[in-house]
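These are the residues of each chain, in order.
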Amino acid sequence: MATPMSANRFLGALRGEGLAVVEVGDWSTHNRNHKGPWGPVNGVMIHHTVTRGTANTVRICRDGYESLPGPLCHGVIAKDGTVHLVGYGRANHAGLGDDEVLRAVIAERRLPPDDEATTDGNRHFYGFECENLGNGEDPWPKVQLEAIAKAAAAVCRAHGWTHRSVIGHLEWQPGKVDPRGFTMASMRERIAELLR
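Since this is a predicted model, take the numbers as computed values, not measurements. (Residues numbered from 1 in each chain as written. Predicted model: local features only at pLDDT ≥ 70, side-chain atom pairs only at ≥ 80, totals over all residues. Heavy atoms only, no water.)

Looking now at the environment of G160. Within the secondary structure layout, G160 lies in the loop between α4 (142-159) and β8 (166-168). For G160, a relative accessible area of 61% translates into the label exposed. When the C-alpha positions of G160 and A2 are compared, they lie 9.6 Å apart, and in sequence the two are 158 residues distant. (Helix = DSSP H or I, 4+ residues; strand = E, 2+ residues; numbered from the N terminus. Buried < 20%, exposed > 50% of the residue type's maximum accessible area, 1.4 Å probe, protein only.)

Structural data, given as structure tokens:
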């Protein structure tokens, strides 16, 4: 368990990992903190966006929808590997998920099946939305996969976590399929390599 990093430290951690980062508007204070706490933080969650086009994706993830206000994550990872910061603090990305999964993330052990949705994930996870249609056919460029691994590794490094603190939305909430097109096991291998 950890206290969330400051926005400046988060930005520095991402840049320190060698990522190209774009700060979008008032990202550092754009959050849903009035809806509940953010922290303690326990891990990083990876998503796909089901959108096309970076500008459109960043706008949606920053502003959200009528039924789901933004921010919808902390950073959007574009096809070209650029990380667009759209919010910081509590964000509408994780939703309710499995408390046994959260306990496994905290203990950094193998994840159990996610078979219930009883625990507020928006409080406990940093979230990265990754630009992809999520149909299993839209390609994941190498530079984007590398950026996803670097972004997750940056947060893990800052908190002293291992690769086991990184999960996909599909591992948290029953019925979710994201990210689709690569496995979280392969992504955690990439992250572990970066943290070595």
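Still more ground to cover, so stick around.
Further remarks concern the sheet that holds strand β2 (residues 43-48). The mixed open sheet is built from six strands, whose spatial order is β1-β4-β3-β7-β2-β8. If you trace the sheet from one side to the other, it starts and ends with β1 (21-23) and β8, each paired once. Direction aside, neighbouring strands of the sheet carry axes that sit 25° apart on average. In terms of strand pairing, β2 meets β8 through three bridges, oriented parallel. Opposite V44, over in β8, you have V166 as the bridge partner. Lying on the sheet, helix α2 (residues 54-63) is in contact with β3 (75-77), β4 (83-85) and β7 (125-130); it crosses β3 at an angle near 160°. (Pairing = 2+ DSSP bridges. Axes fitted to C-alpha atoms, helices over the stretch in contact; angles between N-to-C directions. Contact = heavy atoms within 4.5 Å.)

Our focus in this paragraph is the packing of aromatic side chains. Geometrically, a pair of aromatic rings is defined through the distance of the ring centres and the angle of the planes. Enumeration according to the criterion identifies ten aromatic pairs in this entry. Ring centres of F10 and W27 lie 6.5 Å apart, and the angle between their planes is 45°; on these two criteria the pair is classed as tilted. Here F10 is found in helix α1 (residues 7-16), whereas its partner W27 is found in the loop between β1 and β2, with 17 residues between them in sequence. Take W27: its relative accessible area is 3%, and that puts it in the buried class. Look at F10 and F128: their rings are 6.2 Å apart centre to centre, the planes differ by 25°, and that puts the pair in the stacked class. Placement of the pair is F10 in helix α1 and F128 in strand β7, with a sequence separation of 118 residues. Of the two residues, F10 and F128, neither departs from the other in class, the shared state being buried. An aromatic cluster is built from F10, W27, W38, Y88, Y126, F128 and W161, whose rings are joined through pairwise contacts. (Phe/Tyr/Trp six-rings, centres within 6.5 Å; stacked < 30°, edge-to-face > 60°.)

Now for the nonpolar core. Counting residues in hydrophobic clusters, the biggest one holds 38 residues, and the most contacted among them are F10, L14, V44, I46, Y126, F128 and I148. Looking at this core, the elements with two or more residues in it are α1, β2, β4, β7, α4 and α5 (184-195). With ten residues, the single largest contributor to this core is α4. In this structure, F10 is in contact with M5, W27, H74, L85, Y88, Y126, F128 and V155, ignoring residues within four places of it in sequence. (Core = buried A, V, L, I, M, F, W, Y, C linked by side-chain atoms within 4.5 Å.)

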